[in-house]
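Given next are the chains, with one letter for each unit.
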Amino acid sequence: MLPTVTALRYVTPLREGGSLPGLMEADDLGTYVVKFSGAGQGRKALIAEVVCAGLATALGLPVPRLVTVDVDPVLAANEPDEEVQDLLRASPGLNLGVDFLPGALDLDAAAFPLDADFAGRVLWFDALIGNVDRSWRNPNMLFWHGAPYLIDHGAALTFHHRWPARATTASPATYDAREHALLGCAPDVDGADAALAPLVTAGALTAAVADVPEPWLAGEPRFDGPDAVRAAYVDELSARHAARASWLDALRSAVAGYSASGRAETAPRRNRPGWLGGGS
């Protein structure tokens, strides 16, 4: 399970994202970007963050450290912003904390050296988790202490928004990579598949899902309890992995069809200091 810290002070909101994450100080002397269970995207965005970060770690991809943050709604009394007050009051108990990386830069693939091997692994990973939120408009990567970090996976695992209406078979393993942030790095898709596919085991998926706090899984319609929900995540991701031949073809086509000159003219440079919340 993820370690749990207690929030001591709300520092500032990070207003770039629609869910209004906030910078908070905790009792372990750490500072975290906190994503709240009471935000509009709800607890499923937090579940996606945890599962995807756990899987990324198993695949050797760099992500910031995660914790759960126990938030007491009494902290809202000290906040002058009514929107922040409402969010803190709506998010008692466990929320998600992402380690704050001070001085990190938004990673623009056109400005930082990224090799084909790394690009291929990130593209492969995003296809596995169905991440629709790592485009050239919003790369959701940071550059910190000389290394890239993947952030903001709350929009991945879209299948879990359709549990009640889904059949027992897995959702189609499709992925549209045409807008992916790293296409200009000539991603080595086949090399990534050879390296990463053997690492996506039932054990790795079970461990990633095990990190999700039980309260975030409770009360899910058509499931008997949190254990059944965990098993459904493992089954779905296992099925996407088994059917990866379909999305590997889409990745190869996207890489082959990429127009570096056209994309470079429109892609913005966003090398701002600090963590401003990405697209969450």
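Every chain is numbered independently, its residues counted from 1 as its sequence is written. Restriction of local features to residues with pLDDT of at least 70 applies here, the model being predicted, together with a cutoff of 80 or more for giving and counting side-chain atom pairs; totals for whole chains, interfaces and linings are based on all residues. Remark: hydrogens and water are excluded; side-chain values derive from all non-hydrogen atoms of the structure.

1. Points about helix α5 (residues 202-210)
The test is simple: Three labels apply to residues, based on accessible area from a 1.4 Å probe with only protein chains included: buried if under 20% of the type maximum, exposed if over 50%, partly exposed otherwise in between. Per the convention used, a helix needs a DSSP run of H or I reaching at least four residues, while a strand needs a run of E reaching at least two, with both numbered from the N terminus. It is the directions from the helix axis to the C-beta atoms that the arc portrays. Contact between two residues is taken to exist if any of their heavy atoms lie within 4.5 Å; hydrogens are not considered.
Residues A204, L205, A208 and V209 constitute the buried set of α5. Here the buried residues of α5 occupy an arc of 130° about the axis, which is enough to place them on one side. On its buried face, α5 is in contact with α1 (42-58) and α7 (226-242).

2. Observations concerning the sheet that holds strand β1 (residues 4-13)
To be explicit about the condition: A pair of strands counts as paired when DSSP detects no fewer than two bridges linking them. In this analysis, axes come from line fits to C-alpha atoms, helices being fitted only over the stretch in contact, and the angle between any two N-to-C directions falls in the range 0 to 180 degrees.
Read around the barrel, 5 strands follow the order β1-β2-β3-β5-β4 and close on themselves; strand pairing throughout is mixed. Recorded for the sheet is a direction-independent mean angle of 55° between the axes of neighbouring strands.

3. Re the packing of α1 against α5
To keep it simple, the criterion reads: An angle below 35 degrees is read as roughly parallel, one above 145 as roughly antiparallel, one from 65 to 115 as roughly perpendicular, and any other as oblique. By convention the crossing between two helices is left-handed if the near helix lies anticlockwise of the far one by an angle smaller than a right angle, and right-handed if it lies clockwise. Under the grouping applied here, Gly and all other residues not named as nonpolar or charged are polar, the nonpolar ones being Ala, Val, Leu, Ile, Met, Phe, Trp, Tyr, Cys and Pro and the charged ones Asp, Glu, Lys and Arg.
The interhelical angle for the contact between α1 and α5, taken along N-to-C directions, is 140°, at an axis separation of 8 Å. Relative to α5, the element α1 lies oblique. Crossing hand, α1 versus α5: right-handed. When α1 is examined against α5, the residues V50, V51, G54, L55 and A58 are found in contact with a partner set consisting of A204, L205, A208 and V209. Residue classes in the contact of α1 with α5 are distributed as 8 nonpolar, 1 polar and no charged.

4. Comments concerning the pattern of salt bridges
Pairing is possible between side chains that carry opposite charge, provided their charged atoms lie close to one another. Filter applied, for reference: A pairing counts as a salt bridge when a side-chain nitrogen of Lys or Arg comes within 4 Å of a carboxyl oxygen of Asp or Glu.
Going through the model one piece at a time under the given rule, you end up with 12 salt bridges. Measuring nitrogen to oxygen at the nearest pair gives 2.7 Å for the salt bridge that ties R244 to D193. Here the residue R244 occupies a position in helix α8 (residues 244-256), and D193 occupies one in helix α4 (residues 189-196), the gap between them amounting to 51 residues. Across the salt bridge formed by R252 and D249, the nearest N and O atoms sit 2.8 Å from each other. Residue R252 and its partner D249 are both found in helix α8; the two are separated by 3 residues, about one turn of the helix. Owing to a relative accessible area of 33%, R252 belongs among the partly exposed residues under this scheme. The network of salt bridges with common partners includes K35, E49 and D152.

5. Some details on the packing of aromatic side chains
How we decide: In this scheme Phe, Tyr and Trp rings, the latter by its six-membered ring, pair at centre separations within 6.5 Å, and the angle between planes marks the pair as stacked below 30 degrees, edge-to-face above 60, and tilted otherwise.
Scanning all chains against the criterion turns up 5 aromatic pairs. Both rings, one in Y10 and one in F36, keep their centres 6.5 Å apart while their planes meet at 25°; by these two values the pair is stacked. You can see Y10 sitting in strand β1 and its partner F36 sitting in the loop between β3 (31-35) and α1, a full 26 residues away along the chain. Per residue, the accessibility class of Y10 equals that of F36, and both read buried. Ring geometry for W124 versus W247: centroids 5.4 Å apart, planes at 70°, classification edge-to-face. One end of the pair, W124, is in helix α3 (residues 116-129); the other, W247, is in helix α8, and 123 residues separate them in sequence. Given a relative accessible area of 0%, W247 falls into the buried group.

6. Examining the side chain of E49
Rules: Here a polar contact is taken to be a pair of N or O atoms separated by no more than 3.5 Å, where protein atoms must pair a possible hydrogen donor with a possible acceptor and residues adjacent in sequence count only if both atoms sit in side chains.
With respect to the helices, strands and loops of the structure, E49 is situated in helix α1. Residue class for E49 comes out buried when judged on its relative accessible area of 6%. Among the polar contacts listed, one links the side chain of E49 to the backbone nitrogen of H153, at a separation of 3.0 Å. At 3.3 Å, the side chain of E49 and the backbone nitrogen of G154 are in polar contact.

7. As for the side chain of Q85
As for its placement among the helices and strands, Q85 is situated in helix α2 (residues 82-89). A distance of 2.5 Å separates the side chain of Q85 from the backbone oxygen of E79, its partner in a polar contact. In this structure Q85 touches A76, E79 and P80, once residues within four positions along its chain are discounted.

8. Examining the sheet that holds strand β8 (residues 147-150)
Read across the sheet, 3 strands follow the order β6-β7-β8 without closing on themselves; strand pairing throughout is antiparallel. Each edge of the sheet is formed by a strand with only one pairing partner; in this case those strands are β6 (105-106) and β8.

9. Describing the confidence of the model for the protein chain
Just so we agree on the cut-off: Confidence of the predictor at the level of single residues is captured by pLDDT, which takes values from 0 to 100.
The predicted model of the protein chain averages 89 in pLDDT, with 88% of residues at 70 or higher. Residue range residues 264-280 is modelled with pLDDT below 50. Its contacts to residues more than four positions away, or to other chains, number 56 contacts.

10. Points about the pairing of strand β7 (residues 141-144)
Summarising the sheet, β6 and β7 pair through 2 bridges and their orientation is antiparallel. Bridging from a neighbouring strand, D106 pairs with L142 of β7. If you look at the hairpin formed by β7 and β8, you'll find 2 residues sitting between the two strands, and H145 has a positive phi there, around 50°.

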